[in-house]
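What the coordinates show
What follows is the residue order along each chain.
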Amino acid sequence: TPTIEMKPFILLAFFALFVAVHGHSVSPGSSASPLVPLRPSPFKKTQHVVDSSASFEELSLPLKLKQGGAAAAPSTATMGLLSILGGFLTHLTLGTIYCWGNFQSYMPPHMRYFAGAEGTGTPDSLLIIPLGLFAMCIAMPMSSTLQGILGLPGAMMFGSLIVSFAIFASSFVKSFAPFALIYGLLFGIGIGSAYTAPIVAGWRHFPNKRGLVSGCVLCGFGSGGFIFNMIGSAIANPQKLSLDPVTKTFPQEVYDNFPTMLRKLSVIYLSLQAVGAGILKFTSLPPPAAPAKSSSSPASKYPTLKSAVLSKQFLLLWTCIVLSSTAGLNTVSVYKMYGNLFPTLKSDAYLAMVGGIGSIANGVGRANWGIAQDKLGFSKLFTLLTVTQSIVMLNYKRTVGNRLLFTTATFILFGCMGGNFAMAPGACAKLFGPSLGPKVFSVLFSSFATAAVGGSYLNKSLMGKGFDFIFTVMAIMSFAATGLVRTLGNV
């Protein structure tokens, strides 16, 4: 049962749910709930175009003016921007999976290992992000089916509810194995279920700005880490206590705050998710664009998902993402552990701030990567990303003597990670067409999970040679991606 101090957060969640359900105008025959598909109005005949990504007819929601009965509908651009805003708010919470690089330091030491208090060496808690991404890549291919049943807003809210429940439920477990199942796998399933719905909605509004739409929505995914790193640290470690230099542990009061931190965060997440789903429900989707008839169009080359996934283009793109994203995903997981090895950097408040600043690069950078992709294309921009990432990764060890240098290098690596995520959906749409692209991306996402799991394996297997050796290996992988992407052609 939540403590008394949890009551304001619970009231906030209920208020947000109320606003999401009742806070917008409802036309005759439409549903008041953001989770229930719209039904045709019995008062008005409307010709509908059915989208394959939704189970219901996508009706416009005109705002009726009482005077004279005239209708004043918001512009398509306004509806499109609102759909991006709804997706952004939800992705703020989905992206908090990357807060784990900071949050795991507040986890009681005995909970960090499968072996409990007897565990030693590299903590098993580093597996949380790889487990989450693995679960995402399992759930994401099923998200299209979920969108067909619940509609885009409903699918987004369904996954969001799983996320909030996973965070809340994980606060009650006392050992790592069940924690990993709930906070890692269940959290990831929720993210995968909700991830693509707002992107698909935004593409419908702005079919020629897919990079911009993906970048702006996924900006929330990266920015959530910055916001909630600070909030989580303020709840778990309000006095900004540092690790004991001998035992490498916090005072017990910090660990005692760990469950409370998770419960409060889950309620905040639920509030944002409800508002985001309500906004997305309010927006009306234009009909899907007709597929191109040209024999050279992606729809003609790849008529089915299977033909696309088994193509050489997909394999090359998948491999490029694995090689490139390993470095950024690894940095998110270990930057705080690495920083705590050096007296210059050892400060919980400072390293939490570094994670927050890195999350800004991950978040805001995604929008910038998306805009640049619309202008330069995927191949050129990906080359710039991988070369930059390799250079910084090779020189990461040279930044540990200066806080400004370390912060800057971490900022760049977080930003490059965000670039991989931001550019991948647009690359799929360009290679395989706007209709098949989101489904292909749901399979391509397994490349990020592979990179996360592979990076975790590299950490554990190569830790004996030190972090610097691991960073060198990942820089070489990134350079390999630079050469491989050129074989994709002008994407």
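Please refer to the structure higher up on the page.
Right, let's walk through the structure included here. Values in this document were obtained by computation on a predicted structure and should not be read as measured data. (Residues numbered from 1 in each chain as written. Predicted model: local features only at pLDDT ≥ 70, side-chain atom pairs only at ≥ 80, totals over all residues. Heavy atoms only, no water.)

**Let's talk about the overall build of the chain**
To keep things clear, this is the line we draw: Helix and strand labels come from DSSP, where a helix needs a run of H or I of at least four residues and a strand needs a run of E of at least two; each type is numbered from the N terminus. Between buried and exposed lies partly exposed: a residue is buried under 20% and exposed over 50% of the maximum accessible area for its type, with that area taken using a 1.4 Å probe on protein chains only. Residues are treated as being in contact if the distance between any of their heavy atoms lies within 4.5 Å. Residue exposure ignores everything except the shown protein chains as possible cover, and the areas themselves are Shrake-Rupley values with a 1.4 Å probe.
Counting secondary structure elements, the chain contains 19 helices and two strands. By the burial criterion, 57% of the 491 residues in the chain qualify as buried. Long-range contacts, defined here as pairs at least 24 residues apart, represent 79% of the contacts in the chain between residues at least 6 apart. Accessible surface for the chain amounts to roughly 19800 Å². Of this, 68% is attributable to carbon and sulfur atoms.

**Section: the packing of helix H5 (residues 143-170) against helix H6 (residues 176-194)**
Using the following cut-off: Axis angles are defined between N-to-C directions and span 0 to 180 degrees, where every axis is a line fitted to C-alpha atoms and, for a helix, only to the segment in contact. Note on angle classes: values under 35 degrees are labelled roughly parallel, values over 145 roughly antiparallel, values of 65 to 115 roughly perpendicular, and the remainder oblique. The hand of a helix crossing depends on one turn: near helix anticlockwise from the far one by less than a right angle means left-handed, and clockwise means right-handed. Three residue categories are used. Nonpolar comprises Ala, Val, Leu, Ile, Met, Phe, Trp, Tyr, Cys and Pro, charged comprises Asp, Glu, Lys and Arg, and polar comprises the others, including Gly.
Put simply, H5 and H6 touch, their axes get as near as 7 Å, and they point 155° apart. Considering their axes alone, H5 and H6 lie roughly antiparallel with respect to each other. Helix-helix and strand crossings are classified by hand; for H5 and H6 the assignment is left-handed. Each residue belonging to the contact of H5 with H6 can be placed in one class, and the counts come to 16 nonpolar, seven polar and no charged.

**What to know about unusual backbone geometry**
Glycine aside, residues mostly have negative phi, and peptide bonds are mostly found in the trans state. Of note in the backbone geometry, Lys240 takes a positive phi value of approximately 55° without being a glycine. Summarising the element assignment, Lys240 is placed in the loop between helix H8 (210-236) and helix H9 (252-256). Assessed through its relative accessible area of 61%, Lys240 is described here as exposed.

**As for the layout of surface pockets**
A water-sized probe rolled over the atoms picks out the places where empty space is left. To be explicit about the condition: A 1.4 Å probe that fits into a set of points on a 1 Å grid over the protein atoms alone but cannot get out defines a cavity; an open set with protein on both sides within 12 Å along at least five of seven lines defines a pocket, and lining residues are those with an atom within 4 Å of a point. Grid points are joined across faces, edges and corners, and a volume is the space filled by probe spheres set on the points.
Of the voids in this model, the largest pocket is the one considered here, and its volume is about 600 Å³. When grouped by side-chain class, the residues that make up the lining of the largest pocket number nine nonpolar, nine polar and four charged.

**Here's the deal with the environment of Asn402**
As a reminder of what qualifies: The term polar contact refers here to a pair of N or O atoms within 3.5 Å; inside protein, the definition further demands a hydrogen-donor-capable atom paired with an acceptor-capable atom, and it admits residues adjacent in sequence only when both atoms are side-chain atoms.
One can find Asn402 in the loop between helix H15 (378-394) and helix H16 (403-432). Remark: the alpha-carbon pair of Asn402 and Thr344, spanning 58 residues in sequence, is separated by 6.9 Å. Reaching out from Asn402, the side chain makes a polar contact with the backbone nitrogen of Leu404 at a distance of 2.9 Å.

**Focus on the nonpolar core**
Counted only if it meets this: To define a nonpolar core, start from buried Ala, Val, Leu, Ile, Met, Phe, Trp, Tyr and Cys residues and group those joined through side-chain atoms within 4.5 Å.
Formed by 123 residues in total, the largest nonpolar core has its most connected members in Tyr98, Phe179, Tyr195 and Phe445. The greatest single-element share of this core, amounting to 15 residues, is contributed by H16. Each residue touching Phe445, except ones within four places of it in the same chain, is listed here: Leu133, Met136, Cys137, Met140, Tyr195 and Phe421.

**Topic: the pattern of salt bridges**
Our working rule: Any carboxyl oxygen of Asp or Glu within 4 Å of a side-chain nitrogen of Lys or Arg constitutes a salt bridge here.
The tally for this structure, following the rule as stated, stands at one salt bridge. Lys336 is the salt-bridge partner of Asp348, the closest N and O atoms lying 2.7 Å from each other. Of the two residues, Asp348 sits in helix H14 (residues 348-376) while Lys336 sits in helix H13 (residues 312-339), which places them 12 residues apart along the sequence. Residue Asp348 is classed as buried on the basis of its relative accessible area of 7%.

**Concerning H15**
Our working rule: One fewer than the residue count of a helix, multiplied by 1.5 Å, yields its expected span.
Relative to the 24 Å expected for 17 residues at 1.5 Å per residue, H15 spans 24 Å between its end C-alpha atoms, a close match to the ideal helical length. Looking only at H15, the buried set comprises Phe378, Ser379, Leu381, Phe382, Leu385, Thr386, Gln389, Ser390, Val392 and Met393. Residues of H15 that are buried sit in contact with H13, H14, H16 and helix H19 (467-484).

**A word on the side chain of Ser447**
Take Ser447: it is sitting in helix H18 (residues 446-462). Assessed through its relative accessible area of 0%, Ser447 is described here as buried. A polar side-chain atom of Ser447 sits 2.6 Å from the main-chain carbonyl oxygen of Leu444. Aside from chain neighbours lying at most four places away, what touches Ser447 is Trp318, Ile321, Val322 and Ser325.

**Notes on the packing of aromatic side chains**
So the rule is basically this: Stacked, tilted and edge-to-face are the three classes assigned to paired rings of Phe, Tyr and Trp, where Trp is represented by its six-membered ring and a pair needs centres within 6.5 Å; plane angles under 30 degrees give stacked, over 60 edge-to-face, the rest tilted. For a ring to carry a charge above it, either NZ of a lysine or CZ of an arginine must fall within 6 Å of the ring centroid while also lying within 35 degrees of the normal to the ring plane.
Scanning all chains against the criterion turns up 31 aromatic pairs. With 5.4 Å between their ring centres and 70° between their planes, Tyr195 and Phe221 make a pair best called edge-to-face. A residue pair is termed long-range when its members are at least 10 positions apart, and Tyr195 in the loop between H6 and helix H7 (197-205) and Phe221 in helix H8 qualify at 26 residues. Phe221 matches Tyr195 in its accessibility class, with the two residues each being buried. Centre to centre, the rings of Phe228 and Tyr269 are 4.9 Å apart; their planes meet at 90°, and the pair counts as edge-to-face. One end of the pair, Phe228, is in helix H8; the other, Tyr269, is in helix H10 (residues 258-282), and 41 residues separate them in sequence. Each member of the pair, Phe228 as well as Tyr269, carries the same accessibility label: buried. By the ring-pair criterion, three or more aromatic residues cluster together here, those being Tyr98, Tyr195, Phe221, Phe421, Phe441, Phe445 and Phe448. Of note, Arg263 hangs over the ring of Phe172, and the distance from its end group to the ring centre comes to 4.1 Å.

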